[in-house]
Amino acid sequence: MSVERFLNGRVIARQPEDGFRAGTDAVMLAAAVPEAANALELGAGSGAASLCLAARLSDMTITGLEIDPGLVRLANDNAAANGMRNRVRFVQADIFDPPAAVRRDYDCVLTNPPFHGKGQVSPQPELARAKMDRGALGGWLAAGLKRTISGGTLTAILRADRLNEALAALPPTGVCVLPLWPKKDAAAKRVLIQVRKGSRAAFCLLPGLIL
């Protein structure tokens with residue numbers, strides 16, 4: 001394990017040195033979620049995105065779903081270490097078949113889904129499961145919308161070259177996209193997508209951010 005610091009040390013999280021590790025994607029995802037009473041994270045990993053969100057919005061309660069039991073234990077330990085155990089909890093679950101206790105609608109849903117395709121398979125099973133979408137990217141987004149309350153938001157961060165697939169799986173209205181450029185004059189590597197469920201607003205491509 002290694003100890004990582006996010007938001008200038010406001011959040012401290014232990015992460016496996018081998019396997020999937022949260023970084024800038026988790027921070028940007030947490031920054032994009034609007035203020036609300038509660039949130040659900042799909043595929044929480046070691047909890048970095050949910051903990052960054054909780055640090056930013058001190059009144060929000062957050063539930064994170066993660067299929068790997070070891071990461072669930074680690075994420076709950078991270079929540080306790082940051083003094084957030086009373087409002088941030090992580091549950092072992094398949095996002096496509098969540099337990100009854102969390103099978104309800106949330107004001108906000110956030111996810112950093114697996115978004116790597118063929119030819120990018122990791123030899124490590126845990127890393128491959130975290131990163132490989134295996135054709136299920138649309139399913140992840142659909143699962144997120146299903147758990148979002150009417151008028152609430154689904155926020156996701158994806159590789160920019162998967163944007164067309166994501167838009168094909170989302171409603172035609174109520175969608176905003178924010179490109180994230182690694183540096184000036186470079187193509188976007190990531191995009192943030194936010195959907196307001198039930199909105200009839202036209203698609204919006206927002207001014208991007210140079211990281």
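Values in this document were obtained by computation on a predicted structure and should not be read as measured data. (Residues numbered from 1 in each chain as written. Predicted model: local features only at pLDDT ≥ 70, side-chain atom pairs only at ≥ 80, totals over all residues. Heavy atoms only, no water.)

**Student:** Tell me about the overall build of the chain, residues and numbers included.
**Tutor:** Assigned secondary structure in the chain consists of 6 helices and 11 strands. Taking 2.2 N^0.38 as the reference for a compact globule, 211 residues should give roughly 17 Å; the C-alpha atoms of the chain span a radius of gyration of 16 Å, in line with that estimate. With the principal axes as the frame, the chain shows a C-alpha extent of 40 × 35 × 35 Å. Across the 211 residues that make up the chain, the buried fraction comes to 48%. In the chain, of all internal contacts separated by at least 6 residues, the share reaching a separation of at least 24 is 67%. The distance from the centre of the 26 positive side-chain charges to the centre of the 19 negative ones in the chain is 3 Å. (Helix = DSSP H or I, 4+ residues; strand = E, 2+ residues; numbered from the N terminus. Rg over C-alpha atoms; globule rule 2.2 N^0.38 Å. Buried < 20%, exposed > 50% of the residue type's maximum accessible area, 1.4 Å probe, protein only. Contact = heavy atoms within 4.5 Å. Lys, Arg positive; Asp, Glu negative; His and termini not counted. Charge placed at Lys NZ, Arg CZ, Asp CG, Glu CD.)

**Student:** Go over the packing of aromatic side chains with me, naming the residues and quoting the values.
**Tutor:** Using the criterion set out here, one finds 1 aromatic pair in the structure. Geometrically, the ring pair formed by Phe96 and Trp140 is edge-to-face, given 6.3 Å between the ring centres and 85 degrees between the ring planes. With a gap of 44 residues between them, Phe96 in the loop between β5 (88-92) and β6 (106-111) and Trp140 in helix α5 (residues 137-146) connect regions that are remote in the sequence. The exposure class assigned to Phe96 is partly exposed, which follows from its relative accessible area of 48%. (Phe/Tyr/Trp six-rings, centres within 6.5 Å; stacked < 30°, edge-to-face > 60°.)

**Student:** I'd love a proper account of the pattern of salt bridges, names of residues and values included.
**Tutor:** Scanning the entire structure with this criterion turns up 4 salt bridges. Residue Asp161 is joined to Arg159 by a salt bridge in which the shortest nitrogen-to-oxygen separation is 2.8 Å. Judged by its relative accessible area of 13%, Arg159 is buried. Notably, a salt bridge pairs Arg162 with Glu165, separated by 2.7 Å at the nearest N-O pair. (Salt bridge = Lys/Arg side-chain N within 4 Å of Asp/Glu carboxyl O.)

The quantities given are spatial measurements derived from coordinates; they are silent on function.
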